[in-house]
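A look at the structure
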Amino acid sequence: MLVAALGAARSRTGLVLAAVAGACLLRGPEPFIWDARLYWGASVTVASGGAVPLEDPAFYSVRGALSGVTFLPAALLSRVAGGQFAGTAVLLQNALLIGVVAAVLVPALARPWRALDPPRRWLAAGLTWAALQGFAPYPLMDLYATAAVLGAVALLGGPGRPGAPPRAGSLVGAGLLLGYGFAVRPALLPVAVLLLLVTAASERSRAALALGGFAAALLPQVVRTATDAGRFSLLPDAAGAVAALQTRYGAYVVRYDTVPTRAQPSQFFCSPGMAEHVGTPPGTTTDLLLLLLRHPADSAPFVLQKVATALHWPLAVPYADPHPGADALVAVGTTALVLLGCGHLIAAAWARRHDPAGPRWAGLRVLAVLAGTLAVLAASAPEPRFALPLVVLGVAGVAAAAGSRPAGSAHRVRAWAAAALVVAVVALGWSGLAHPAPPGLASPAACAAA
């Protein structure tokens, strides 16, 4: 019976993976633009052994050393099949990853709360496809960084038994995944650090295994920076300049979108109140924090609007191509998914905090991802894709909560409270999009007048 059960579970996993990947393939390939084109070019350079030069010689001064190998499978496939196959190769690689997220990662994330039965697994699969399929045609790092970081969260949850500690190999693997996620998306550093701190608290001396894996994953970046810039660093040489640019815009920009159908694709959404307080834009996170603290009446709603608008995903995410009615529906759906799903994971962990076999540490890991992501959103000019880790956690939470119904009036009270929270955050997001700057680069003066 056990063998039959394991076989059925594997069969279900394969069926979910194939169904989600196949549905993503139906979207079809798209042209590679801007960052996507540069990431693809770097993988083509690696696949050719350097015979094809980088389109941007400064690529590795801005982006992580592992960025060039992320799409190496697709680049090798395209090299064999011909350059015209590039879009299909990337779509195939991304579709398989989204299938793995739906079939393996989301159930693993939900397991400390509930083992997903077949109906809930198909619910999770549908939600995963709906949320992630827009990323499938493009060679961007967001899917891979998110899958790596949340894969680390799943590995840290142990071998599947509630309360069981992770194995030594799982700890090393989690560290490697966290290091890779940080290497390709340095903005995920707060998430990685908080997860390592939770691991140190839960695993004590064994946490050194995760830290060792994290350090090992960063060795390629250290070698690349030493070779190119003559110094040892965990970050690309120009990462500080990129962070400073995000910080400057983060003082008065609520959200940034890329609109590929326009001649000028950059679209900033402003906080006129904060823009009026900006003399010299802050150059460091400390300067930004001090600016926010000096003007709490404007900065408090500003930060909340950043978070809310990051959940207002458009239909064309990771880009923006305005579809007013459809965009509004997707924004409401994404906001509800994150709030209800993540809210359930945290609330259920808190309710069972005294249960030795309960998801206490799993709840703290979810809080680490939530807090680290919110810190990134607050300290930057966020794009909707920055909230991707929260969306995937939201899928796991909604799947785990599906079918749960507290007895008596508690269900009605929670349902009304949840609905009110979703409405409030959606409205806050719309208010954050009320002041678009003229297309192109933003400035404090332009934003103050928006």
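Here, the structure is the one placed above.
Cut-offs applied
- Residues numbered from 1 in each chain as written.
- Predicted model: local features only at pLDDT ≥ 70, side-chain atom pairs only at ≥ 80, totals over all residues.
- Heavy atoms only, no water.
- Helix = DSSP H or I, 4+ residues; strand = E, 2+ residues; numbered from the N terminus.
- Buried < 20%, exposed > 50% of the residue type's maximum accessible area, 1.4 Å probe, protein only.
- Axes fitted to C-alpha atoms, helices over the stretch in contact; angles between N-to-C directions.
- Parallel < 35°, antiparallel > 145°, perpendicular 65-115°, else oblique.
- Left-handed = near helix turned anticlockwise from the far one by under 90°.
- Contact = heavy atoms within 4.5 Å.
- Salt bridge = Lys/Arg side-chain N within 4 Å of Asp/Glu carboxyl O.

Right, let's get into the side chain of Gln133. Structurally, the position occupied by Gln133 is in the loop between helix 7 (118-132) and helix 8 (142-156). Judged by relative accessible area, which is 16%, Gln133 ranks as buried.

This part takes up the packing of helix 16 (residues 296-310) against helix 18 (residues 360-378). The contact between helix 16 and helix 18 brings their axes to 9 Å, and the two run at 110°. With respect to each other, helix 16 and helix 18 are oriented roughly perpendicular. Judged by the twist between their axes, the crossing of helix 16 over helix 18 is right-handed. From helix 16, Val303, Lys306, Val307 and Ala310 reach across to helix 18, where they touch Leu374, Leu377 and Ala378.

Now for unusual backbone geometry. Cis peptide bonds are those with omega within 30 degrees of zero, and the linkage from Val317 to Pro318 qualifies with 20°. As for its placement among the helices and strands, Pro318 is situated in the loop between helix 16 and helix 17 (324-351). Here the phi dihedral of Trp34 falls at roughly 50°; this positive angle occurs in a residue that is not glycine. Summarising the element assignment, Trp34 is placed in the loop between helix 1 (2-25) and helix 2 (35-47). Even without a glycine there, the phi angle at Arg204 is positive, about 55°. Mapped onto the fold, Arg204 is located in the loop between helix 10 (189-203) and helix 11 (207-217). According to the relative accessible area criterion, Arg204 is exposed, its value standing at 66%.

This part is about the pattern of salt bridges. Side-chain pairs of opposite charge can arise where the charged atoms are in close proximity. Applying the stated criterion to the full structure yields 10 salt bridges. Two residues, Arg185 and Asp142, come together in a salt bridge whose shortest N-O distance is 3.8 Å. Of this pair, Arg185 sits in the loop between helix 9 (168-184) and helix 10 while Asp142 sits in helix 8, placing them 43 residues apart in sequence. Asp142 shares its class with Arg185; the two are buried. Notably, a salt bridge pairs Arg231 with Asp237, separated by 3.0 Å at the nearest N-O pair. With relative accessibility at 34%, the residue Arg231 sits in the partly exposed group. Take Asp237: its relative accessible area is 42%, and that puts it in the partly exposed class. Three or more residues are tied together by salt bridges with common partners; here these are Asp142, Arg185, Glu383 and Arg385.

Such coordinate-based values are descriptive only and should not be taken to indicate function.
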